[in-house]
Amino acid sequence: MKTIEIDDDLYRYIASHTQHIGESASEILRRMLQVTEQTLLTAESSVVIPEAAPKAKAVNDKKPAERVRAVRELLLSDEYAEQKRAVNRFMLILSTLYQLDTEAFAQATQSMQGRTRLYFAGDELTLLQSGNHTKPKHIAHTPYWVITNTNTGRKCSMIEHIMQTMKLPQELTDKVCGTL
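Residues numbered from 1 in each chain as written. Predicted model: local features only at pLDDT ≥ 70, side-chain atom pairs only at ≥ 80, totals over all residues. Heavy atoms only, no water.

**Notes on unusual backbone geometry**
The residue Lys135 is not glycine, and still its phi comes out positive at about 50°. For Lys135, the position within the fold is in the loop between helix 9 (124-129) and strand 2 (136-138). With phi around 65°, His141 is a residue other than glycine that occupies positive phi space. Turning to its location among the elements, His141 is positioned in the loop between strand 2 and strand 3 (145-147). (Helix = DSSP H or I, 4+ residues; strand = E, 2+ residues; numbered from the N terminus.)

**With respect to helix 10 (residues 152-165)**
Here helix 10 contains 14 residues, and its C-alpha end-to-end distance of 20 Å stays within 8% of the 20 Å for a straight helix at 1.5 Å per residue. Within the span of helix 10, buried status applies to Lys155, Cys156, Met158, Ile159, Ile162 and Met163. Mapping the buried residues of helix 10 onto a view down its axis gives an arc of 160°, with all of them on the same face. Where helix 10 is buried, its residues touch helix 5 (63-76), helix 7 (86-100), helix 8 (102-110), strand 1 (120-121), strand 3 and helix 11 (170-179). Directly beyond the C-terminal end of helix 10, a positive phi value near 60° is found at Lys167. (Expected span 1.5 Å × (residues − 1). Buried < 20%, exposed > 50% of the residue type's maximum accessible area, 1.4 Å probe, protein only. Arc of directions from axis to C-beta. Contact = heavy atoms within 4.5 Å.)

What follows is the structure, given as structure tokens:
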């Protein structure tokens, strides 16, 4: 994978064409430019791009930056903006966080529970048995279920705990919670 620099306005334009959570900029560009595998093979055989040795190490250091970018893309996406209810935005955020780091997500959710009920589980029944009126919902593209009958402040606390476990910047965490 190579790293390129683009202007902020161009990045926002690309991110605005996101069709689903977790879709990468590369996937968006492939779709927008209608690039196929055959097109890529043909282009690779006719073009030689010199490697920039100093950049190779920087690509390995991008993982935290890619996580931040993916969360920002979610916040800028049409899908997120179209959500009228906090619970739906909450579910999109959880799905995105899981896709970014499944291990950190699992670690964060295992230790998270209320005084009398669980917040996350691998199945709906476990959450139904952990309290009254929990309103469990499945988190898309994950093996997890979450209770949704909590106030927005509690939802923010849950997201904040997960994002801290993932070592995402506090300013990004605050921004995410501010959108709920």
